[in-house]
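# Examining the three-dimensional arrangement
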Amino acid sequence: MFCNVVVGVDGSPASLAAAHWAAHEASRRGTGLAVVHAWRRHPHPAPYVPRDRTEHDWAEQTLRDAVDSVRAAHPGLRIVDRLVCDAPVAALVAAAAEAELLVLGSLGMGRVSGFVMGSVSQRVVARSTRPVVLVRAGLSAADEHVPAADGIAPEEILETPYRAVVLGLDVQHPCDELIEFAFDAARRRGTALRVVHAFRTPPRPASDPSLVTPPTVPSVPVAGPEALAAGEHAVVAALRPWCEKYPTVFVTETVTAGRAATLLVHAARDAGLLVVGRRTSGGRLGAHTGPVTHAVLHHAACPVVVVPHV
């Protein structure tokens, strides 16, 4: 059975949080969920495997526990479990290629006030040809919604409005796949889309005449009202066709000077989902995630989806 949403699990709290987030996403999309666990045979049993169990038995139990947890919380959801004997990165990238969305867990807060993504998640994000969502450990379904007012019963929390979706937009390389994913995510949640575009201000002119840029080199646009107006115009132009395609999505644009990663991490504090891109052109496919995407994956508090594009 084809599943639009795939989640990778490894028995960690982060992967379990990812599994439940993926189940909610599958429900929003009206499709099934595939739960994948990859394991490898080792010459000697891994230290985390009990002495009275084989690695295969332990892998089956890990997958079964995750599936049982999701089924208990989402009794009407179609779930397929897949136990794969392969390297985790290869297995997850292959599973993602057959789906529309792959969901993985991050490990929570690191020692440098950032979220720990994990080597497997990092390599999968860098290689996947499909969008990948990173969900931090400890996230619950209620975290996708705006804080509930006092007096709201626990079962009523999920009826409160969804938090906004945030899109990081680079107007120099606008991408249809990236923009459409963000609009579609906002539409499915019935929430607003906040588009953030950051532009860098040029350095101040050198005081030493010998360091002044030669006149043959194109000048950098002057920072200030002109740069701001140009950025706002470019953002509106990039979003116009999508606003027409998704008329029910309320869109706000934030165009400001600064570092894109810093602004996106700040915007994600109160968001339900952050959408960023990963360019696959200009180098070996999957070689890197880019500095902005790398930064938000480690520091954004909400789930982050990375959409690969040319």
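Look up a bit, the structure's there.
Owing to the predicted nature of the structure, the values given are computational and were not obtained by experimental measurement. (Residues numbered from 1 in each chain as written. Predicted model: local features only at pLDDT ≥ 70, side-chain atom pairs only at ≥ 80, totals over all residues. Heavy atoms only, no water.)

### Digging into the packing of aromatic side chains
Heads up, the condition is: Note on ring pairs: Phe, Tyr and Trp rings are taken, using the six-membered ring of Trp, and paired if centres are within 6.5 Å. Classes follow the plane angle, with under 30 degrees stacked, over 60 edge-to-face and the rest tilted. Geometrically, a charge over a ring is one whose NZ (Lys) or CZ (Arg) sits within 6 Å of the ring centre while staying within 35 degrees of the ring normal.
Applying the stated rule across the entire model yields 1 aromatic pair. Stacked on the ring of W21, the Lys or Arg R28 has its end atom at 5.7 Å from the ring centre.

### So, the side chain of R28
This is how the line gets drawn: Labels follow the DSSP assignment, with helices taken as runs of H or I lasting at least four residues and strands as runs of E lasting at least two, numbered in each case from the N terminus. Working definition: with a 1.4 Å probe on protein chains only, accessible area under 20% of the residue-type maximum means buried, over 50% means exposed, and in between means partly exposed. Whether two residues are in contact is decided by their heavy atoms: any pair within 4.5 Å suffices.
Note on placement: R28 falls in helix α1 (residues 13–29). The class for R28 is buried, based on a relative accessible area of 17%. Every residue in contact with R28, bar those within four places of it in the chain, is listed here: W21, E144, Y162, R188 and R189.

### Here we look at the pairing of strand β5 (residues 132–135)
The test is simple: Strand pairing requires that DSSP identify at least two bridges connecting the strands.
The side-chain alternation of β5 yields two buried faces, one formed by V132 and L134 and the other by V133 and V135. Bridge count for strand β4 (residues 101–105) against β5 is 4 bridges, and the pairing is parallel. Of the residues in β5, the one forming a bridge with V103 is V133.

### Concerning the pattern of salt bridges
Our working definition: Whenever Lys or Arg places a side-chain nitrogen within 4 Å of a carboxyl oxygen from Asp or Glu, that contact is recorded as a salt bridge.
In this structure the tally under the stated criterion is 10 salt bridges. One salt bridge in this structure joins R189 and E25, with 3.0 Å as the shortest N-O distance. Of the two residues, R189 sits in helix α5 (residues 176–189) while E25 sits in helix α1, which places them 164 residues apart along the sequence. With a relative accessible area of 7%, R189 lands in the buried category.

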